[in-house]
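Examination of the molecular architecture
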Amino acid sequence: KKIMEQTTLINFKRERDFGEVFNVTFQFLKQEYKGIGRSFAFFVLPVLLIAAVLNVFVGLEQQKVAQDLTQMDPMAGGNPFAAVGSTFVYTFFTILLYLISFAVLKCMVYSYIKLYIEKGPGAFSTDDVWSGITKIIFPVLGTSLLVGLLVGVGFILCVIPGIYVGVSLSLIYMTLVFEQNGFGDAFSRSFRLTAKKWWVTLGLIVVSYLIIYGITLVFSIPGMIMGITTVFTMQNPEEFIGFSTGFYIYSSVINLISYTLFIIPTLVIAFHYFSIVEEIDTPTLEQNIDQIS
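Because the structure is predicted, anything quoted here is derived from the model rather than measured.

Turning to the pattern of salt bridges, a few remarks are in order. Applying the stated criterion across every chain yields a total of 4 salt bridges. We note a salt bridge from Glu-20 to Arg-14, for which the minimum N-O separation is 3.7 Å. Looking at Arg-14, the relative accessible area reads 36%, which means it is partly exposed. The salt bridge involving Asp-128 is made with Lys-119; its shortest N-O contact spans 3.9 Å. The partly exposed category is assigned to Asp-128, whose relative accessible area is 26%.

This paragraph deals with the packing of aromatic side chains. Counted according to the given criterion, the structure contains 25 aromatic pairs. With a centroid separation of 5.7 Å and 70° between ring planes, the pair formed by Phe-12 and Phe-274 is classed as edge-to-face. Here Phe-274 lies in helix 11 (residues 263-281) and Phe-12 lies in the segment before helix 1 (18-43), a separation of 262 residues in the sequence. By relative accessible area, which is 2% here, Phe-12 ends up buried. Each ring, one from Phe-102 and one from Phe-262, has its centre 5.0 Å from the other, and the planes form 75°; the classification is edge-to-face. Pair noted here: Phe-102 is in helix 4 (residues 85-119) and Phe-262 is in the loop between helix 10 (245-260) and helix 11, with a separation of 160 residues, a long-range link. A connected cluster of aromatic rings, assembled from ring pairs, spans Phe-12, Phe-28, Tyr-112, Tyr-116, Phe-124, Phe-178, Phe-271, Tyr-273 and Phe-274.

The next subject is the packing of helix 5 (residues 126-157) against helix 6 (residues 159-168). Across the interface, helix 5 lies against helix 6 with an axial gap of 5 Å and an inter-helix angle of 155°. Classified by the angle between their axes, helix 5 and helix 6 sit roughly antiparallel to one another. In this structure, the crossing between helix 5 and helix 6 has a hand that is right-handed. Every residue of helix 6 that contacts helix 5 at Leu-150, Val-151, Gly-154 and Phe-155 is listed here: Val-159, Pro-161, Gly-162, Ile-163, Val-165 and Gly-166.

For the rest of this paragraph, the subject is a nonpolar patch on the surface. On the surface, Tyr-213, Leu-217, Ile-221, Met-224, Ile-225 and Ile-228 cluster together to form a nonpolar patch covering roughly 580 Å² of accessible area. Take Leu-217: it is sitting in helix 9 (residues 198-232).

A few words now on the packing of helix 6 against helix 8 (residues 183-195). The axes of two packed helices give the description: the angle between them and the distance between them. Closest axis-to-axis distance for the helix 6/helix 8 pair is 8 Å, and the angle between their directions is 100°. The angle between helix 6 and helix 8 places the two elements in the roughly perpendicular class. Of helix 8, the residues touching helix 6 (which contributes Tyr-164, Val-167 and Ser-168) are Ser-190, Phe-191 and Thr-194. Split into classes, the residues belonging to the contact of helix 6 with helix 8 amount to 3 nonpolar, 3 polar and no charged.

This brings us to helix 11. Under the 1.5 Å per step criterion, the end-to-end length of helix 11 is 27 Å for 19 residues, consistent within 8% with the ideal 27 Å. A large share of helix 11 lies buried, amounting to 16 of its 19 residues. Positive backbone phi, approximately 40°, marks Thr-282, located one or two places after helix 11.

Right, let's get into unusual backbone geometry. One non-glycine residue with positive phi stands out, namely Gln-180, at about 55°. Among the structural elements, Gln-180 can be located in the loop between helix 7 (172-178) and helix 8.

Now for the side chain of Thr-216. Within the secondary structure, Thr-216 sits in helix 9. On the accessibility criterion, Thr-216 (12% relative accessible area) is buried. Beyond its immediate sequence surroundings of up to four residues, Thr-216 is in contact with Ile-254, Ser-258 and Leu-261.

The next thing to look at is the side chain of Arg-189. With respect to the helices and strands, the residue Arg-189 is situated in helix 8. We classify Arg-189 as buried; its relative accessible area is 13%. What Arg-189 contacts, discounting residues up to four positions off in sequence, is Thr-175, Glu-179, Asn-181, Val-277 and Asp-281.

Rules of the game
Residues numbered from 1 in each chain as written. Predicted model: local features only at pLDDT ≥ 70, side-chain atom pairs only at ≥ 80, totals over all residues. Heavy atoms only, no water. Salt bridge = Lys/Arg side-chain N within 4 Å of Asp/Glu carboxyl O. Buried < 20%, exposed > 50% of the residue type's maximum accessible area, 1.4 Å probe, protein only. Phe/Tyr/Trp six-rings, centres within 6.5 Å; stacked < 30°, edge-to-face > 60°. Helix = DSSP H or I, 4+ residues; strand = E, 2+ residues; numbered from the N terminus. Axes fitted to C-alpha atoms, helices over the stretch in contact; angles between N-to-C directions. Parallel < 35°, antiparallel > 145°, perpendicular 65-115°, else oblique. Left-handed = near helix turned anticlockwise from the far one by under 90°. Contact = heavy atoms within 4.5 Å. Patch = residues over 30% accessible without salt bridge, like charges linked within 9 Å, V, L, I, M, F, W, Y side chains within 5 Å. Areas by Shrake-Rupley, 256 points an atom, 1.4 Å probe, with all protein chains shown as cover. Nonpolar A, V, L, I, M, F, W, Y, C, P; charged D, E, K, R; others polar. Expected span 1.5 Å × (residues − 1).

Rendered as structure tokens:
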């Protein structure tokens, strides 16, 4: 079954300014929402749902540990580290699943774009998207871990190096997938591509994340009300033992929505990548000249 029948082809391989990148991103989402949504539901959502469930257990375990530590008598020889053991286990697997789901989301979007460019809208299936995901998931996942480590070290040393490295490596996945580079070549290629457009790249990332933050904030309002109501309706605030299970479930749902919205910055970076490549390497122009000659 084909993903979606469309007649309008959006050209990825052209230069675009700051505003045009966002305009074409939402145009693409509007045109391909069924295909992207179906691929997301099949390949990304199952992992996110498991992570969301584990996230509920993390909240409940943290609450239980806080209660145990409050009631523990140090003079009785209680071991505070034993109380937090299960929390670490839940937290570890939750973070791991979120990392995997984030990598799968990137692979899904990149595979979808690649098929869209090569075959055209409506000319490929979800099976084709899955085939594309399986070919790039391990390189993308490995690169995600290495980039995360580098950016993390940059933030530890000083915030500015972390930001610089993060922005400079924002195109590494695109070069990895679309240029089929190894990690080393993709690493240097990303730095070269962003060198002349570093501030524009930073602006695109910041605005993309602000969009995610704004939408997530709107959905978070009921959860905030639940939390505030819990605190202010307590008889004795000093005996606060935690929030309800419903609060943690709602928080996990908000996290799920937030991760779903990461499709937006992933697409923004994709269009930005093609725009920079067209400006610096002019591959489309060279192809047209070759065809004429």
